[in-house]
Amino acid sequence: MKEYKTSEIRNVAVLGHLGSGKTSFGEACLFVGGAIEKKGEVERKNTVGDYLVEEQNRQTTLKAALLPVEWKGYKINILDVPGSEEFVGELNNVLHVVDGVIILLDATKGVEVGTELVWEEVRKRKLPTIFLINKMDKENVNFNKVLEDIKNTFGDKVVPFTLPIGEAENFKGIVDVIDEVAYEYNGKDSKKVDVPADIHSQIESIKEQLMEKIAETDEELMEKYFEGETFTEEEINKGIKLAIKNGDLVPLLVGSAEKTMAVDSILNLFKKYM
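Residues numbered from 1 in each chain as written. Predicted model: local features only at pLDDT ≥ 70, side-chain atom pairs only at ≥ 80, totals over all residues. Heavy atoms only, no water.

Bringing the packing of helix 6 (residues 200-215) against helix 7 (residues 219-226) into the picture now. At their nearest, the axes of helix 6 and helix 7 sit 8 Å apart, and the two run at 140° to each other. Looking at the two axes, helix 6 sits oblique to helix 7. Contacts between helix 6 and helix 7 involve Glu 208, Met 211, Glu 212, Ile 214 and Ala 215 from the first element and Leu 221, Met 222 and Tyr 225 from the second. In terms of residue class, the contact of helix 6 with helix 7 is built from six nonpolar, no polar and two charged. (Axes fitted to C-alpha atoms, helices over the stretch in contact; angles between N-to-C directions. Helix = DSSP H or I, 4+ residues; strand = E, 2+ residues; numbered from the N terminus. Parallel < 35°, antiparallel > 145°, perpendicular 65-115°, else oblique. Contact = heavy atoms within 4.5 Å. Nonpolar A, V, L, I, M, F, W, Y, C, P; charged D, E, K, R; others polar.)

Below, the structure is given as structure tokens:
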């Protein structure tokens, strides 16, 4: 492993309610980043994160695990944290050493008690946060319903950075809102496709929200926004990063850790904005 500058390192905690797919997400990141050749499964008791015999037998994380991933010239240290309320000590220890947090939600369940508990702990420490709606491929998933649940609970600071192409058994890819490009997945491999026609209006609405958040980070940008001028790519990236850091913006992503879908987009976000 090569040496990395501090600016090239990201320390990210993976949080969420018990059963939201944190260990599977960590395993998928290792696989996509090339740290492992084959992805393990919680049910098969062969994941990197759940290495203790008791964890494998219970099929749940009992101790925080460090999962280092090398991604496009950056080192992303992912910390898989137990989801059970019994292990709040592990949560507190991890939150003292990370730069940011990704909170996973089960797409079939939406906001759960554990989601709100970890959110409260993260807000106390003012840590940059991302939401991931995981398990988008499962039965009876309704993305808009989950999104509404999240916004009602955590406010309009939560803004989708990716939108799903299909859901449940028809979930096949994502649309990147900022770059306005779409990808369909076959496992970890993706191909660029046309943005579905019915998503264009959603993109416009979301980007308007983002421009407002960016404008609020700087007086000059605010003036530029009110004068109807377009932000440069550099201004957009800088504004998004600052808004996330300040806690005024919480990106929302979609994917499936179990099927390794859209994990690359999440690693890209860690690299670019965390």
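Mapped onto the elements of the fold, Asn 134 is located in strand 5 (residues 129-134). In terms of polar contacts, Asn 134 uses its side chain to reach the backbone carbonyl oxygen of Ser 20, at 3.0 Å. Discounting residues that sit within four places of it in the chain, Asn 134 has contacts with Ser 20, Gly 21, Leu 104, Leu 105, Asp 106, Ala 107, Gly 255, Ser 256 and Ala 257. (Polar contact = N/O pair within 3.5 Å; in protein donor to acceptor, adjacent residues only side chain to side chain.)

As a further point, take the environment of Ala 168. Counting through the fold element by element, Ala 168 comes out in the loop between strand 7 (162-165) and strand 8 (173-176). A relative accessible area of 9% means that Ala 168 is categorised as buried. When the C-alpha positions of Ala 168 and Val 158 are compared, they lie 22 Å apart, and in sequence the two are 10 residues distant. Setting aside anything within four residues of it in sequence, one finds Ala 168 in contact with Met 136, Asp 137, Lys 138, Glu 139, Asn 140 and Val 141. (Buried < 20%, exposed > 50% of the residue type's maximum accessible area, 1.4 Å probe, protein only.)

Another point: the sheet that holds strand 5. The seven strands lie next to each other as 2-3-1-4-5-11-6, forming an open sheet whose pairing is mixed. Each edge of the open sheet carries a strand with a single partner, namely strand 2 (65-71) and strand 6 (158-160). Neighbour to neighbour, the strand axes of the sheet diverge by 25° on average, direction disregarded. Inspection of the sheet shows strand 1 (residues 9-16) paired to strand 4 (residues 100-106) by five bridges, in the parallel sense. Paired with Val 14 across the two strands is Ile 102, which belongs to strand 4. Sheet contacts for helix 5 (residues 143-154): strand 4, strand 5, strand 6 and strand 11 (250-254); angle to strand 5, the most-contacted strand, approximately 150°. (Pairing = 2+ DSSP bridges.)

This part covers the pairing of strand 4. Of all seven residues in strand 4, seven are buried, a share of seventy percent or more. Sheet topology note: the strand 4/strand 5 ladder contains six bridges and is parallel. In the sheet register, Val 101 faces strand 5, and the bridge partner there is Thr 129. With helix 4 (residues 113-125) bridging strand 4 and its parallel neighbour strand 5, the resulting β-α-β unit is right-handed. (Right-handed = clockwise from strand over helix to strand, strands pointing away.)

Okay, helix 7 next. You can read the cap of helix 7 off the contacts: a side-chain oxygen lies 2.8 Å from the backbone nitrogen of Glu 220, and it is on Asp 218. Downstream of helix 7 by one or two residues, Gly 228 has phi in the positive range, about 80°.

At Lys 126, a position not held by glycine, the phi torsion is positive, near 55°. Considering the arrangement of structural elements, one finds Lys 126 in the loop between helix 4 and strand 5. Taking the relative accessible area as the measure of exposure, Lys 126 reaches 68% and is therefore exposed. One non-glycine residue, Glu 180, lies in the positive phi region at around 55°. Among the secondary structure elements, Glu 180 is positioned in the loop between strand 8 and strand 9 (181-186).

What follows deals with the pattern of salt bridges. Counted according to the given criterion, the structure contains nine salt bridges. For the salt bridge of Asp 106 with Lys 135, the shortest nitrogen-to-oxygen distance reads 3.5 Å. In this pair, Asp 106 is assigned in strand 4 and Lys 135 in the loop between strand 5 and helix 5, connecting sequence segments 29 residues apart. Judged by relative accessible area, which is 4%, Asp 106 ranks as buried. In this structure, Glu 121 and Lys 124 form a salt bridge, with 3.1 Å as the shortest nitrogen-oxygen distance. You can see Glu 121 and its partner Lys 124 sitting in helix 4, three residues apart, about one turn around the helix. Glu 121 gets classed as buried once you look at its relative accessible area, which sits at 15%. Ionic contacts of the salt-bridge type, sharing partners, join the residues Glu 121, Lys 124 and Arg 125 into one network. (Salt bridge = Lys/Arg side-chain N within 4 Å of Asp/Glu carboxyl O.)

As a rule of thumb, soluble globular proteins bury nonpolar side chains together. Membership of the largest hydrophobic core comes to 87 residues, with the highest contact counts inside it found for Leu 15, Phe 25, Ile 102, Phe 131, Ile 150 and Phe 270. Ignoring any residue separated from it by four or fewer positions in sequence, one finds Phe 25 in contact with Val 14, Ile 102, Leu 104, Leu 132, Ala 257, Ile 266 and Phe 270. (Core = buried A, V, L, I, M, F, W, Y, C linked by side-chain atoms within 4.5 Å.)

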